[in-house]
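# Structural characterization, general
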Amino acid sequence: AATIGEENPLEQFMTKCREILVGFGSLEIKNYHLSTLEDLNTKMQKTEKLLMLKNALGDYNHLRNSLLPSALKVLTENQHHEYPQKIFEIGRTFTKNPKTDTGIQETEHLSLTIAHETADYTEIRQLLDSFLSTLNIPVQIKETTHPSFIPGRVASIILNNQPIGIIGEFHPQVLTNWNLFMPTIAFEIDVEKLFEYVKKR
């Protein structure tokens, strides 16, 4: 049967997201799916259960469940460059899901991370609002707690009464754990949930 190939609609949507974030003056980064337990949990002040590879060699033996540790690692390795530093990533995350054939749920996430002397929650909130406004996606921002962020400067991103992401200002201890010396802000969001909303609309 003769068929005509075309780009996956989700890929088209993620390309549009990239264009918006580049318009914010941010640079795209790409990181490996594998990370260390220290980077994913210890440095982020978290104690989440992670997916570990069997018979893995070396410390990079856990599948990442968030993009933010990778972003902080990139910032740590690029402190010799001038500030402000704005980086974003659209990449795959992994969580346990017994309902799938493999027992693993693979989900595309998007993160935007910014570091400079005066970075604060207001700035990252304004960028999130601009990003979602461009996509015409209405969300609710609800104050929450998260071990990686400063209390009172972190919130959950809600779409259709479901949490789809996190936004906030990183806790000073997290920055110390990563040997970072600039205030750092970020948001991470489930791109597939955004796409589902746009597709239904």
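As a reminder, the structure under discussion sits directly above these lines.
All of these numbers come straight from a predicted model, not from anything done at the bench.

### Re the pattern of salt bridges
Per the counting criterion, the structure on display carries twelve salt bridges. The partner of Glu89 in a salt bridge is Arg64, with the nearest N and O atoms 3.1 Å apart. In this pair, Glu89 sits in strand β5 (residues 85–96) while Arg64 sits in the loop between β4 (62–63) and α3 (68–77), placing the two residues 25 residues apart along the sequence. Judged by its relative accessible area of 1%, Arg64 falls in the buried class. Residue Glu106 pairs with Arg92 through a salt bridge whose shortest N-O separation is 3.0 Å. Separated by 14 residues along the polypeptide, Glu106 in strand β6 (residues 104–115) and Arg92 in strand β5 bring together distant segments of the chain. Its relative accessible area of 32% is what places Arg92 among the partly exposed residues.

### Re the sheet that holds β5
As a general point, the strands of a sheet are linked pairwise by backbone hydrogen bonds and lie either parallel or antiparallel. Sheet architecture is open: seven strands sit in the order β1-β5-β6-β10-β9-β8-β7, paired in mixed fashion. The strands lining the two open edges of the sheet, one partner per strand, are β1 (27–28) and β7 (140–143). Pairing geometry for β6 and strand β10 (residues 184–190), over seven bridges, is antiparallel. Across the sheet, Ile114 pairs through a bridge with Ile185, a residue of β10. Where helix α1 (residues 9–23) meets the sheet, it contacts β1, β5 and β6, and its direction lies at approximately 150° from that of β5. Across the sheet, helix α4 (residues 121–135) is in contact with β5, β6, β7, β8 (149–159), β9 (162–170) and β10; its angle to β10 comes to roughly 30°.

### Considerations on unusual backbone geometry
Here the residue pair Tyr83 and Pro84 is connected by a cis peptide bond, since its omega of 5° sits within 30 degrees of zero. Along the chain, Pro84 turns up in the loop between α3 and β5. Of note in the backbone geometry, Asn160 takes a positive phi value of approximately 55° without being a glycine. Residue position: Asn160 is located in the loop between β8 and β9. The exposure class assigned to Asn160 is exposed, which follows from its relative accessible area of 57%. Positive phi outside glycine occurs at Asn179, with the angle close to 60°. Residue placement: Asn179 occurs in the loop between α5 (172–177) and β10.

The rules we used
- Residues numbered from 1 in each chain as written.
- Predicted model: local features only at pLDDT ≥ 70, side-chain atom pairs only at ≥ 80, totals over all residues.
- Heavy atoms only, no water.
- Salt bridge = Lys/Arg side-chain N within 4 Å of Asp/Glu carboxyl O.
- Helix = DSSP H or I, 4+ residues; strand = E, 2+ residues; numbered from the N terminus.
- Buried < 20%, exposed > 50% of the residue type's maximum accessible area, 1.4 Å probe, protein only.
- Pairing = 2+ DSSP bridges.
- Contact = heavy atoms within 4.5 Å.
- Axes fitted to C-alpha atoms, helices over the stretch in contact; angles between N-to-C directions.

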